[in-house]
Every structure is written in C-alpha cells, then in structure tokens.
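# Structural description and commentary
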Amino acid sequence: MDAQPSIIVVVVSAILTENFILTKFLGICPFLGVSKKVETAIGMSAAVLFVMTLASAITSLLWTYVLARYELEFLRTIVFILVIASLVQLTEMAIAKFSQTLYQALGIFLPLITTNCAVLGLCVLNIDKSFKFHIALINGVSSAVGFGLALVIFAGLRERIQLARVPKPLEGAAIALITAGLLSLAFMGFAGIVKTG
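Bear in mind that the values here come from a model prediction, so they are computed numbers and not experimental data.

Following both chains from N to C, one finds helix α6 (residues 117-128) and helix α7 (residues 133-163) inclined at 150 degrees, their axes separated by 10 Å at the closest point. With respect to α7, the element α6 is oriented roughly antiparallel. For the crossing formed where α6 meets α7, the hand is right-handed. In contact with A118, L122 and N126 of α6, α7 contributes A136, N139, G140, S143 and F147. Looking at the contact of α6 with α7, its residues break down into four nonpolar, four polar and no charged.

See the structure below:
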C-alpha cells in the first residue's frame, strides 16, 4: 500500500501549489467565462465545490469497490464522466430551483462543469496517486477551494480593471488573459512551500 500524504500537505498543495486553474491550467473555460463579477464567481465556486467533493467521494468508492475489484479499470473515464454529469445535473436543478438569478448569471457555464477537465482531472489524480477515501475527499474539497479562490480573486481583479484606464488594444479579452497570466505567476511563487511526492 502506498504511503498517504499528510492532510496538511494535501490541503496546501491543492489550494496553492497545485491549483487546478493557475498551475495545472485545467478548468479555464468557466474561469474566464464567469469571472466578470465576484457574486457570479462565488456562485460558480459553490457549484464546483459541491461537484468536486461528491465526485471525489463517489469515484473513489466506485474505483475501489467496483472497477478495480472486478478488473474494469478500462471503464474509468466513462464511469467518472457519468458520475460528474449526474452531479452537475443535480446541481443545475438545485440552483434553478433555489436561485433563479444565479442560474441565469451562470448561464451556459453551469452545465460546462460537466466537461470541466478540472473535475475529471481531480478524480483521475486521486486514483493515480492511490489516495485512500478520506484523502481523496480532502483533496476534492481542497481542490475546489483552490478553484474558488482563483476564480474569486480573478473576478475581483477584473472588476477593478473595468474601472481602470486600459489601453485600447488591450481592452476585453486581452487584458483578462494578461491578468490571468500574472495571477498564475503569483501562484507559482508558492511552489516549494510543501514537499510533495
């Protein structure tokens, strides 16, 4: 059995040093799409937190007790995508029921969590790193917190940029991408804060 990392290493790594958006560059579509307002970013962060946490737990259990046990490892990607799609559908229905404003603000980006490679990447990483259930669950929550942190910081920066005088050629997507790159460089400064693997 592989040695499991400490909980603090998993948490700090997932949030800062191995942030899915800013260091692994996964989940860029919702990152750029719903980061124009902090309120929308917080709503998307909550949805991603729900999906990532449950996806980590369910896929870990499915891997351990079904796929690996019955030598069905080749079905991993299909099964994981089905789990994620089901969770996103559940999340979408809940948001539509309880917060129509948030549902409309998230728009097409809410169903895009299904194809968000950060969620699938998290589930696959948990298996590839041989995380036990509790570590996979902590990694899921921490990765979602890191995703949300990056999204909310970026949304705050974009709100500030709207008030700034930006040169004409850099307005719109150009300044957003430059800002995302600078934020990514800032997060890469955390590299080495914890020793992983």
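Turning our attention to the packing of aromatic side chains. Scanning the model with the defined rule gives two aromatic pairs in all. Aromatic side chains F31 and F154 sit 4.4 Å apart centroid to centroid with 20 degrees between the ring planes, which places their arrangement in the stacked category. One end of the pair, F31, is in helix α2 (residues 28-33); the other, F154, is in helix α7, and 123 residues separate them in sequence. Assigned by exposure class, F31 and F154 land together as buried. Of note, R76 hangs over the ring of W63, and the distance from its end group to the ring centre comes to 5.8 Å.

Scanning all chains against the criterion turns up zero disulfides. Sulfur of C123: no disulfide; nearest cysteine sulfur belongs to C117 and is 12 Å away.

The rules behind the values
- Residues numbered from 1 in each chain as written.
- Predicted model: local features only at pLDDT ≥ 70, side-chain atom pairs only at ≥ 80, totals over all residues.
- Heavy atoms only, no water.
- Axes fitted to C-alpha atoms, helices over the stretch in contact; angles between N-to-C directions.
- Helix = DSSP H or I, 4+ residues; strand = E, 2+ residues; numbered from the N terminus.
- Parallel < 35°, antiparallel > 145°, perpendicular 65-115°, else oblique.
- Left-handed = near helix turned anticlockwise from the far one by under 90°.
- Contact = heavy atoms within 4.5 Å.
- Nonpolar A, V, L, I, M, F, W, Y, C, P; charged D, E, K, R; others polar.
- Phe/Tyr/Trp six-rings, centres within 6.5 Å; stacked < 30°, edge-to-face > 60°.
- Buried < 20%, exposed > 50% of the residue type's maximum accessible area, 1.4 Å probe, protein only.
- Lys NZ or Arg CZ within 6 Å of the ring centre and 35° of its normal.
- Disulfide = S-S within 2.5 Å.

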